[in-house]
Amino acid sequence: MQLDGQYEKSMYINGLWCNAESGNQEHVVNPASLNKIKAFSYGDGADAKKAVEAAKKAFTDWANLSARERSKYLYSAYTLMMEKQEELARILTTEQGKPLAEARGEIASAASYLQWYAEEGNRVYGEIIPSSNKGKRLFVVPQPIGVVAAITPWNFPSSMITRKLGPALAAGCTVVLKPAEQTPLSAIEIVKIFEEVRLPKGVLNLVTGDPTSIGQEFMSNPDVRLITFTGSTEVGKLLMRGSADTVKKLSLELGGHAPILVFDDSDLEQAVKMTIMSKFRNCGQTCICANRIYVQHSIQEEFTAKLMEQLESMKIGEGLDEQVNIGPLIDENALLKVKHQYEDAISKGASTALGGKVYKEKLNGYFFEPTVLTNVSNQMKVMNEETFGPLLPIQTFETEEEVIELANHDRYGLAAYLFTENLNRAIRVMEKLEYGIVGINDVFPAVAEAPFGGIKQSGQGKEGGREGIMEYLEMKYVSMGLKR
Ligand SMILES: NC(=O)c1ccc[n+]([C@@H]2O[C@H](COP(=O)([O-])OP(=O)(O)OC[C@H]3O[C@@H](n4cnc5c(N)ncnc54)[C@H](O)[C@@H]3O)[C@@H](O)[C@H]2O)c1
Ligand SMILES: O=C[C@H](O)CS(=O)(=O)O
């Protein structure tokens, strides 16, 4: 698909679209066809510094608006985003690869964060504290933290942005956004929407380009008070280390390795259907998708047979084809990582129940067949390292205690899922799973009204819900002495 519109001036600083100071450009590549789509400005730390200055200059006036006044911009942006849903979905699929139906869903999800925080910003309450000293009055005043640097990934190039912009702008913060270099077009379209609803200049700024250089500016610039990051655990750790000198607040949504636990008292049809939806959504490139499937021994054969039957009908291809269920991986590195994890598992004794090959029939993009592995063991990389691709290892277990131990990961703690129709088991197992998010007979937990986030090396902080706006606020404590 050839896209209309110009994206070369892809940076938006102080209300103006501009090129990189260096004049450098890169191209967005369609991962399904390997065609170059659009050129965009490839900026660096110098551009990021200008953007932070603009955000700082705009902060006082934006913070001094009432929450009600700020919410009007968010609500208008939500409305416009939904009006443009089809156009935005096609741009998203063209640069990221996911099937169009998933892209439409992502745009609706992205808009919902603007809608929800347009409302939630009006419910940021302070607190009166009953003083132990009758000569004092104690209270807490929530205030926006200041300039926020937001860094977002390519796998959800629209919703990962608004999951930050919604609460940040509602709270009264100003933002400098750096999207993933693989998917800048969706970010540009979101900023164009805020320009169209006449967000005051400097409140939202966009820098596209070299992540290391831009990141270095974010970490070292004392005017950046918070870095909100969604991406790999490795980069999250780098940002933590680099932010120490300016003691920045950090909100980190990092990697995951979700287990699915299927008990013999589950609704098997539902468990099979949701396992497929979780694993193969976005070609397995989601932070909360199933990475490991544990099936109780007595139902393993029936589960696997039903799974294979349903997988046979999945169609691989370019996401703009409405019949396609599985698109490409984002780039060659992602494809090679999946291939390597598959080969490692086979070398350590796994069996291939389905797939296992780079998909090259008539397609020259980054495609890998939906693949199911059985006879897997804990020594395999696929059972320990985030896959981020269409590779599904199935392992059996006998007892509840055994599978809880298997499910809890020594590093990751983002999402875990269990399928059972037994209420007591559901609560018992949920309480013992060391994850920030647990799905019981559900694998789609991400909604604007709920706090999404991981523990351990899957991150810190929440996005969505009441907790999601707290990330962008400082709670000022006031102790007031009264004269007699
Ligand atoms: N927890 C969540 O909500 C969530 C959501 C989506 C993706 N993720 C995770 O993100 C990863 C996949 O996304 P990805 O490949 O884009 O991750 P990534 O960490 O490679 O990149 C994420 C963002 O960080 C930027 N970046 C890379 N190096 C940087 C540096 N040195 N300084 C500053 N910024 C830098 C990238 O340009 C991109 O914008 C997976 O691990 C996935 O689990 C987590
Ligand atoms: O990839 C991570 C996203 O958070 C997945 S979801 O959009 O939250 O389901």
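This one's a predicted model, so the numbers in the text were calculated from it and none came from an experiment. (Residues numbered from 1 in each chain as written. Chains lettered and ligands numbered in written order. Predicted model: local features only at pLDDT ≥ 70, side-chain atom pairs only at ≥ 80, totals over all residues. Heavy atoms only, no water.)

## Some points on the side chain of Ser243
With respect to the helices and strands, the residue Ser243 is situated in the loop between helix H8 (233–242) and strand S11 (249–253). Residue contacts for Ser243: discarding those within four places in its chain leaves Met219, Ile227, Lys248 and Leu250. (Helix = DSSP H or I, 4+ residues; strand = E, 2+ residues; numbered from the N terminus. Contact = heavy atoms within 4.5 Å.)

## A short note on unusual backbone geometry
It is generally the case that most residues other than glycine have a negative phi and that most peptide bonds are trans. Notably, Leu34 is not glycine yet its phi reads approximately 65 degrees, a positive angle. Along the chain, Leu34 turns up in the loop between strand S3 (25–29) and strand S4 (36–41). Positive phi values are uncommon outside glycine, yet Asn375 reaches one of about 55 degrees. You can see Asn375 is positioned in the loop between strand S15 (371–374) and strand S16 (391–397).

## Quick word on the domain arrangement of the protein
When the domains of the protein are assigned, the result is domain 1 (5–254 + 458–478) and domain 2 (258–446). Between the C-alpha centres of domain 1 and domain 2 the distance comes to 31 Å. Counting from both sides, the interface comprises 27 residues of domain 1 and, opposite them, 29 residues of domain 2. A buried area of about 2,200 Å², summed over both sides, lies between domain 1 and domain 2, and 54% of it is on carbon and sulfur atoms. Contact with domain 2 buries surface across domain 1, with Ala32, Trp154 and Ser458 losing the most and accounting together for 23% of the total. The shortest N-O distance in the salt bridge between Glu322 and Arg104 comes to 2.7 Å. Our count for the domain 1 to domain 2 interface comes out at 11 residue pairs in polar contact (both at pLDDT 80 or more). (Domains from an automatic or database assignment. Buried area = accessible area lost by both parts, 1.4 Å probe. Salt bridge = Lys/Arg side-chain N within 4 Å of Asp/Glu carboxyl O. Polar contact = N/O pair within 3.5 Å; in protein donor to acceptor, adjacent residues only side chain to side chain.)

## Here we look at the sheet that holds strand S5 (residues 127–129)
Judged by pairing direction, the sheet is antiparallel, and its three strands sit side by side in the order S5-S6-S20 without closing on themselves. Where the open sheet ends on each side, the last strands, each with one partner, are S5 and strand S20 (473–481). Averaged over neighbouring strand pairs, the angle between their axes works out to 25 degrees when direction is ignored. By the bridge criterion, nine bridges tie strand S6 (residues 136–144) to S20 in an arrangement that is antiparallel. By the bridge assignment for S20, Val141 is matched with Lys476. (Pairing = 2+ DSSP bridges. Axes fitted to C-alpha atoms, helices over the stretch in contact; angles between N-to-C directions.)

## Quick look at the sheet that holds S16
Here seven strands make up an open sheet; going across it, the order is S14-S15-S16-S13-S12-S17-S18 and the pairing mixed. Across the chains shown, the open sheet's two edge strands, defined by having one partner strand only, are strand S14 (351–354) and strand S18 (437–440). Pairs of neighbouring strands in the sheet enclose a mean axial angle of 25 degrees, with direction left out of account. Of the strand pairs in this sheet, strand S12 (residues 258–262) and strand S17 (residues 415–419) are connected by three bridges, and their pairing is parallel. Bridge pairing links Leu261 to Leu418 in S17. Along the sheet, helix H11 (residues 332–347) contacts S14, S15 and S16; its crossing angle with S15, the most-contacted strand, is approximately 25 degrees.

## Concerning the packing of aromatic side chains
Counted according to the given criterion, the structure contains eight aromatic pairs. Taken together, a centroid distance of 5.2 Å and an interplanar angle of 85 degrees make the contact between Trp116 and Tyr117 edge-to-face. Comparing Trp116 with Tyr117, the two get one shared label, buried. Here the basic side chain of Lys98 rests over the ring of Phe156, its NZ or CZ set 3.7 Å away from the ring centre. Over the ring of Phe452 we find Arg163; its NZ or CZ atom is 4.2 Å from the centre of that ring. (Phe/Tyr/Trp six-rings, centres within 6.5 Å; stacked < 30°, edge-to-face > 60°. Buried < 20%, exposed > 50% of the residue type's maximum accessible area, 1.4 Å probe, protein only. Lys NZ or Arg CZ within 6 Å of the ring centre and 35° of its normal.)

## What to know about the site of ligand 1
Taken together, 29 residues surround ligand 1, and among them Thr152, Glu181, Ser232, Leu254 and Glu386 come closest. One of the backbone nitrogen or oxygen atoms of Pro211 is found 3.4 Å away from a nitrogen atom of ligand 1. Gly231 is positioned such that a nitrogen or oxygen atom in its backbone is 3.3 Å from an oxygen atom of ligand 1. Here ligand 1 has 840 Å² of accessible area as a free molecule, and 89% of this is covered by the chains. The pocket occupied by ligand 1, as judged from atoms lying within 2 Å of grid points, is the largest pocket. (Near = heavy atom within 4 Å. Areas by Shrake-Rupley, 256 points an atom, 1.4 Å probe, with all protein chains shown as cover. 1 Å grid on protein atoms, 1.4 Å probe; cavity = no way out; pocket = protein on both sides within 12 Å on 5 of 7 lines; lining within 4 Å. Sits in = over half its atoms within 2 Å of the grid points.)

## Some points on the UniProt feature "active site" (unreviewed entry) in the protein
Per the UniProt record, "active site" (unreviewed entry) is annotated on Glu253 and Cys287. Judged by maximum C-alpha separation, these annotated positions cover 35 residues in sequence but sit close together in space, the widest gap being only 8.9 Å. Lining the largest pocket, from this annotated set, are Glu253 and Cys287. With respect to the helices, strands and loops of the structure, Glu253 is situated in strand S11. If we ignore the near neighbours within four places in the chain, the residues touching Glu253 are Phe229, Thr230, Gly231, Phe452, Gly453, Gly454, Ser458, Gly461, Lys462 and Glu463. (UniProt positions renumbered as here; feature names shortened; annotations may be inferred.)

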